[in-house]
Amino acid sequence: MKAPPFAYHDPRSRDDLIGLLAELENAKLLAGGQSLVPMLNFRVVAPDHLIDINRIPDLAGIRLSADDVVLGAMTRQCDLHASADLAATAPIIRQALAHVGHFQTRSRGTIGGSCCHLDPAAELPALCALLDAEFDVAGPNGARIVKGGDWFKGYLESALEEREYLQSIRLRRWPAGHGYGFSEYARRRGDFAIAGAGALLEFAEDARIGRAAIVVFGVEPAPIRLVEAERMLVGQTFSEALLAEVAAQASALDAMADVHVSAAYRRRLAGVVTRRALAEAARPAREAV
Amino acid sequence: MSTRYFGAAVPRLEDPRLLTGRGTYVDDVVLPGMLHAVFLRSSVAHGRVRNLDPSAALSMPGVRAVYAMADFAGFGSGPMPAMAPHPLLKSPVTCSPLAVDEVRYVGEAIAMVLADSRAEAEDALAAIELDIEHLPVVANARQGVADGAPRAHSGRESNVIATLRGSHGNVDAVFAAAAHRFSETFEIHRGGCHAMECRGVVAAPEPRSGELSLWTSSQSPYMVRRHLATYLGRDEVDIRVTAPDVGGGFGPKANVYPEEFAVALAALACGRPVKWIEDRQEHFLATTQQRDQFWSLEVACDATGRMLGVRGHCIHDNGAYAPYGLILPATALASFPGPYALAAFDLSIDVVLTNLVPTSPVRGAGRPNAAFVLERLADTVARRLNLPREEVRRRSFVRAEQMPYVTGGKMRDGSPVAYDSGDYAKALSLVLDKIDASGFARRRADAAARGRLLGLGFASCVEDTGLGPFEGASVRVTPAGKVVVATGAASQGQGHATTLAQIAADALGVDLSQVTIKPADSRIFPLGISTIASRVAVTAGSSVEIAARKVRDKAIKVAAHMLEAGEHDLEIENGQVRVVGVPDMNVPLSTIARVLSGSAGVPIPAGVEPDLAATGYFEANQLAFAYGSQACEVEIDPETGDTRITRYVVAHDCGRLINPLIVDGQIRGGVVHGIGNALFEHMRHDEAGQPLTATYADYLLPGAAEMPDIEIHHIETPSPRNPIGAKGAGEGGTIPAAACVISAIQDALGPEAPFVTMHPLSPEQIVEWIDKTRK
Ligand SMILES: Cc1cc2nc3c(=O)[nH]c(=O)nc-3n(C[C@H](O)[C@H](O)[C@H](O)COP(=O)(O)OP(=O)(O)OC[C@H]3O[C@@H](n4cnc5c(N)ncnc54)[C@H](O)[C@@H]3O)c2cc1C
């Protein structure tokens, strides 16, 4: 389990990186290495060049503005977890991060790496889907923004083109006091979830739902927003019947099967975690009553 | 003997060294000119090697050689010797160090690349041209015994290599007369060992002496030496085998492996030191596992639920070869009747070859399997007769006053098995008391209010420990007054350097810090068997005691001469022999050791032999039987099937405890293995014999977060069968654990749920049963 041979590059600036991306054939970027290094050691990938982006300044960082939060691609999962600003603005991120791997992997793993690797059960890409992320990518042909759902092309596949890299991710802020809930089920702590869900709710003065966002992950090849359910929730007051209806939509997803679980069990879990996440997100409404 | 250390919770003496990175594991052995080996392994479960062309690989950077079995002609050839021959096995069922012609499991080694670095050797693997013709595959044991099944070895007439039988009493009469008979079928799966350190070997031919040195991460370094010597046609003394620090073994490292031979052969063939370090992927593919047994059993009981007899049959997956003979299925059979006083039993096991990696004992060997089926049968009786589960056991146990109890079973040499001591009912009462079984109904109601299902389970076992014939030890006092103990019993982390030192320190009246335990090394100690079967405390521990007492006697004899005192007036304390009541009249052990080391022209005093040293061999002719009960509570989330063990209590009797800290560690680790077997670990293969769970992402080892606190209570009934009164403690934690967890799950699921007869259980399986029950 040793990596196949490759040439190693460690650019010190974004320009150098662009230069390498323009020039090198069959290159891979190395961020936290928590997915890439195992893939190299299993020899499932064999790049001729490895471009280590850990030494490029300014690729990491958390910047808040009135409407959004910008996360540098190289921001470590542990730093996202530790950020009090982020926890105050988008508390669901800290809640979800507790489920992302282990203390050790979070100290290396980056949000950019999670979003480019795009494991179907990864929490951070799911939150990006939930928070209507915009992905800021750049390459030899210039920079572009990829919006929300367009990023998720399929199983382990993002909208990133060859010779492009992800610079940062912009998340939409939700107003203070919004309801949030996160739930996932994994056999062991730190495992990728068999199914998970995140939910955000905004309530009007009369406790009616003003806005809703629900994401389910680990079930289909990429995280998926329950858009119909979200639309259906708006204007309603929260009830058990509503919960059941949304859970039923999650259970109707086109779930994957693997060596461990059947599609039927995964669909069942999708319903359970969605109901739990949504019930938790509805707490502010219930507390207001 | 003034006991100071025996029984004390002394912190492990080896830990500061191991925990600060100062251990010496096989991979720490680096020799000049050493080459790195990797193996080309079969990617198919059954096939015939048609073509092997290494030419492209040979021209790759750093590559020094590519070897197939034919390249070792002149050094050794043919299949590996059988480690544990059995009369039912007419010829050894072993593989060659490198496969010749037919390959019989995914991972079987076919060729090896030697290169300047491991990475270069791996690069070259892909360049070897290998053409394998596929043959039909036996992918599990049940398939292997079916009519018209393909053959796992194309030359064999049958996949069943042996049928083991164990019986006692007139089983037919007992069943005919019994008030009730119940039958069940069981599917038991156990995974692999997954020691933190994988296997590894360094072999170095010594060009001047012609000797061959081997460092191997093994539980059985002396067996490696013996069989390698036979294979190479050499004398044992020309082969040195060392087991340096070893990071866990748990059974599978007790085998003598093809890679150990292949690395030795390659070193001889190329005349340079060769290192092979197993990586985790190879560990999944090529280190022995335990896997499947399928049991069909019937239990007979009287009207009160007292179990009277058990009969039935088992199909045992032995994998592609039988490197360890029939030991694994034989231990399952030898574990009957467990803690129960059965009037009769009659059991048989078909040992079946499959095209999967060979099996051999993993912690507990077949004992957890036997404990699982016996405990489930006890639960069956309780369920069918509507009796409390503990009542069936209390009525069926061997009672304390029946000790020593002749079970009717037989040891490997044919002599009758007799349990030496213990009170089985007491252990069960103790765990039920400690887990507060009487308060369980209230806890269950509380859990139900939270939407959770709570279950209480328990299980018991008896364990044969201290397997003979011996593990010897030598004890020597150096002229500096240090005590050096050597033994052939290799340590894989069990704490031998502490427990054996405790015994020696007490016997010689020295401070523990003065005692050093040498690693198992054939140049330091001449003989050794294996660190297996919970035997080292009993065998090596007793031998250290015997040897240290001989040294003590010798020291007293010499001191009596030097002090002109009577031997009876002397005691040994603080590293000195002194006159009782006159501590100023003393002679330090170091002085005695120096005198016995000799000086030119000066006679050795007191008519003793030179050297303040002695060797002891305790011959363990009779097994020491440990036993215990475990109880646990599980909490199930009925929506997800998630099962958490919330409480765990162990009552265990392993005789006199040398070191409670170490025993607790053994038991705790053992329970974790059992929990893994009950809920997590599953080595899956598809119909083509391809492993499906060969990474730690797919093979679920339980982690710290999945573990409950494990509360341990000791009962100390000294074994009358060895000088230190000890019984083994290495496997007792594992043996009843899976049965205990499954019994709790059954209890949580309720009487309407199907009777659970398998493990591991997945949450998906559990929700399926819950759904079925609620419909
Ligand atoms: C034991 C273990 C458990 C884990 N459990 C979980 C879990 O429960 N949930 C979870 O979400 N993850 C889990 N992970 C994965 C972990 O979160 C990884 O860190 C993450 O998937 C990848 O991030 P990274 O920074 O390590 O990226 P790398 O491994 O360095 O890279 C991953 C991929 O992304 C590409 N890439 C990285 N950054 C960029 C960029 N800026 N632009 C373009 N391409 C880029 C790389 O080229 C590579 O293809 C686990 C990992 C381990 C080892």
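Visitor: Just to check I follow, could you spell out the overall build of chain B for this structure?
Guide: Summing up its helical and strand segments, chain B has 19 helices and 29 strands in all. Whereas a compact globule of 775 residues would reach a radius of gyration of roughly 28 Å, chain B reaches 28 Å, a difference of no more than 12%. Considering only C-alpha atoms, chain B reaches an extent of 95 × 75 × 50 Å along its principal axes. Relative to its 775 residues, chain B shows a buried fraction of 62%. Counting only contacts in chain B whose residues sit at least 6 apart along the sequence, the fraction spanning at least 24 positions is 80%. Accessible surface, chain B: about 27400 Å² in total, of which carbon and sulfur atoms supply 52%.

Visitor: Just checking my understanding: could you explain the pattern of salt bridges for this structure?
Guide: Opposite charge on two side chains allows them to pair when their charged atoms are near. Residues and elements named next belong to chain A. Going through the model one piece at a time under the given rule, you end up with 69 salt bridges over all chains. The closest approach of N and O atoms between Glu164 and Arg144, which form a salt bridge, is 2.7 Å. Of this pair, Glu164 sits in the loop between strand S9 (157-158) and strand S10 (165-172) while Arg144 sits in strand S7 (residues 142-147), placing them 20 residues apart in sequence. Looking at Glu164, the relative accessible area reads 14%, which means it is buried.

Visitor: Help me out: how do you make sense of the site of the ligand in this one?
Guide: All names here are of chain A. Neighbouring residues of the ligand: 32 residues in total, closest Leu29, Gly33, Leu36, Thr110 and Glu123. In this structure, an oxygen atom belonging to the ligand sits 2.8 Å away from a main-chain N or O atom of Gln34. Between Glu123 and the ligand, the recorded distance is 2.7 Å, taken from a side-chain N or O atom to a nitrogen atom. If the ligand stood free it would expose 970 Å²; the protein chains cover 89% of that surface. Where the shell around the ligand is concerned, the elements lending two or more residues are strand S2 (27-30), helix H7 (111-117) and S10. In terms of residue count, the dominant contributor to the shell around the ligand is H7 (5 residues). Grouping the amino acids of the shell around the ligand by side-chain chemistry returns 13 nonpolar, 16 polar and 3 charged.

Visitor: Just checking my understanding: could you explain the nonpolar core for this structure?
Guide: Soluble globular proteins: nonpolar side chains tend toward being buried together. All names here are of chain B. The biggest cluster of nonpolar side chains holds 104 residues, and the ones touching the most others in it are Trp295, Tyr648, Val741 and Ile745. By residue number, the principal contributor to this core is helix H18 (residues 737-749), which donates 10 residues. Built from parts of two domains, this core gets at least three residues from each of domain 2 (138-419) and domain 3 (424-464 + 625-775). With residues near it in sequence (within four places) discarded, Ile745 still touches Val634, Ile636, Thr643, Leu679, Leu761 and Ile766.

Visitor: What am I meant to see in the interface of chain A and chain B here?
Guide: Quoted interface sizes are often the accessible area lost when the parts come together. Taken together, the contact between chain A and chain B spans 23 residues of the former and 34 residues of the latter. Here chain A and chain B share an interface that buries about 2300 Å² over both sides, 47% of which is from carbon and sulfur atoms. Across the chain A-chain B interface, the total number found is 6 salt bridges. Taken together, the connections running from chain A to chain B amount to 19 residue pairs in polar contact (both at pLDDT 80 or more). Partitioning the side of chain A that touches chain B into residue classes produces 12 nonpolar, 2 polar and 9 charged.

Visitor: Would you take a moment to explain the environment of Gly422 of chain B for this structure?
Guide: All names here are of chain B. Turning to its location among the elements, Gly422 is positioned in the loop between strand S17 (416-419) and helix H12 (424-434). Since its relative accessible area comes to 11%, Gly422 is described here as buried. Residues Gly422 and Val398 lie 24 residues apart in sequence; the distance between their C-alpha atoms is 9.3 Å. Dropping the residues within four chain positions of it, Gly422 is found in contact with Ala400, Met403, Tyr627 and Thr717.

Visitor: Please clarify how the sheet that holds strand S3 (residues 49-52) of chain A should be interpreted in this entry.
Guide: The strands that make up a sheet are held in pairs by hydrogen bonds between backbone atoms, and each pair lies either parallel or antiparallel. Residues and elements named next belong to chain A. Across the sheet, 3 strands lie side by side as S1-S3-S2; this open sheet has parallel pairing. Edge positions in the open sheet fall to strand S1 (7-9) and S2, since each of these has one partner strand only. Within this sheet the neighbouring strands show an average axis-to-axis angle of 25°, counted without direction. Direction of pairing for S1 relative to S3: parallel, over a ladder of 3 bridges. What sits directly across from Tyr8, in S3, is Leu50. Against the sheet, helix H1 (residues 14-23) engages S1, S2 and S3, with an angle of about 165° to S3.

Visitor: What exactly am I supposed to notice about the domain arrangement of chain A here?
Guide: Residues and elements named next belong to chain A. Each assigned domain of chain A is listed here: domain 1 (7-52), domain 2 (62-172) and domain 3 (180-288). If you look at the interface, domain 2 gives 23 residues, while domain 3 gives 25 residues. Counting the surface lost from both domain 2 and domain 3, the interface buries some 2000 Å², and carbon and sulfur atoms represent 66% of this. Viewed at the interface, domain 3 and domain 2 are joined by 1 salt bridge. The salt bridge partner of Arg225 is Asp132, with a shortest N-O separation of 3.0 Å. Applying the counting rule to domain 2 against domain 3 returns 5 residue pairs in polar contact (both at pLDDT 80 or more). Mapped by element, the contributors of at least two residues to the side of domain 2 that touches domain 3 are helix H5 (91-97), helix H8 (123-130) and strand S8 (152-154). For the side of domain 2 that touches domain 3, the element with the most residues is H8, which contributes 6 residues. Within the side of domain 2 that touches domain 3, the residues separate by chemical class into 15 nonpolar, 5 polar and 3 charged.

Visitor: Explain the packing of aromatic side chains to me, please; I cannot follow it from the model alone.
Guide: Throughout the structure, instances matching the rule amount to 19 aromatic pairs over all chains. On the basis of an interplanar angle of 25° and a centroid distance of 5.8 Å, the ring pair of Phe182 of chain A and Phe217 of chain A is categorised as stacked. In this pair, Phe182 of chain A sits in strand S11 (residues 179-185) while Phe217 of chain A sits in strand S13 (residues 209-217), placing the two residues 35 residues apart along the sequence. In this pair, the class of Phe182 of chain A matches that of Phe217 of chain A, namely buried. A ring pair is formed by Tyr419 of chain B and Phe625 of chain B, whose centres lie 4.7 Å apart and whose planes are at 55°; its orientation type is tilted. With Tyr419 of chain B in strand S17 and Phe625 of chain B in strand S26 (residues 624-636), the pair connects residues that are 206 residues apart, well separated along the chain. Per residue, the accessibility class of Tyr419 of chain B equals that of Phe625 of chain B, and both read buried. Ring pairing ties together the aromatic residues Tyr340, Phe397, Tyr405, Tyr419, Tyr424, Phe625 and Tyr627 of chain B, which thus form one cluster.

Analysis parameters
Residues numbered from 1 in each chain as written. Chains lettered and ligands numbered in written order. Predicted model: local features only at pLDDT ≥ 70, side-chain atom pairs only at ≥ 80, totals over all residues. Heavy atoms only, no water. Helix = DSSP H or I, 4+ residues; strand = E, 2+ residues; numbered from the N terminus. Rg over C-alpha atoms; globule rule 2.2 N^0.38 Å. Buried < 20%, exposed > 50% of the residue type's maximum accessible area, 1.4 Å probe, protein only. Contact = heavy atoms within 4.5 Å. Areas by Shrake-Rupley, 256 points an atom, 1.4 Å probe, with all protein chains shown as cover. Salt bridge = Lys/Arg side-chain N within 4 Å of Asp/Glu carboxyl O. Near = heavy atom within 4 Å. Polar contact = N/O pair within 3.5 Å; in protein donor to acceptor, adjacent residues only side chain to side chain. Nonpolar A, V, L, I, M, F, W, Y, C, P; charged D, E, K, R; others polar. Core = buried A, V, L, I, M, F, W, Y, C linked by side-chain atoms within 4.5 Å. Domains from an automatic or database assignment. Buried area = accessible area lost by both parts, 1.4 Å probe. Pairing = 2+ DSSP bridges. Axes fitted to C-alpha atoms, helices over the stretch in contact; angles between N-to-C directions. Phe/Tyr/Trp six-rings, centres within 6.5 Å; stacked < 30°, edge-to-face > 60°.

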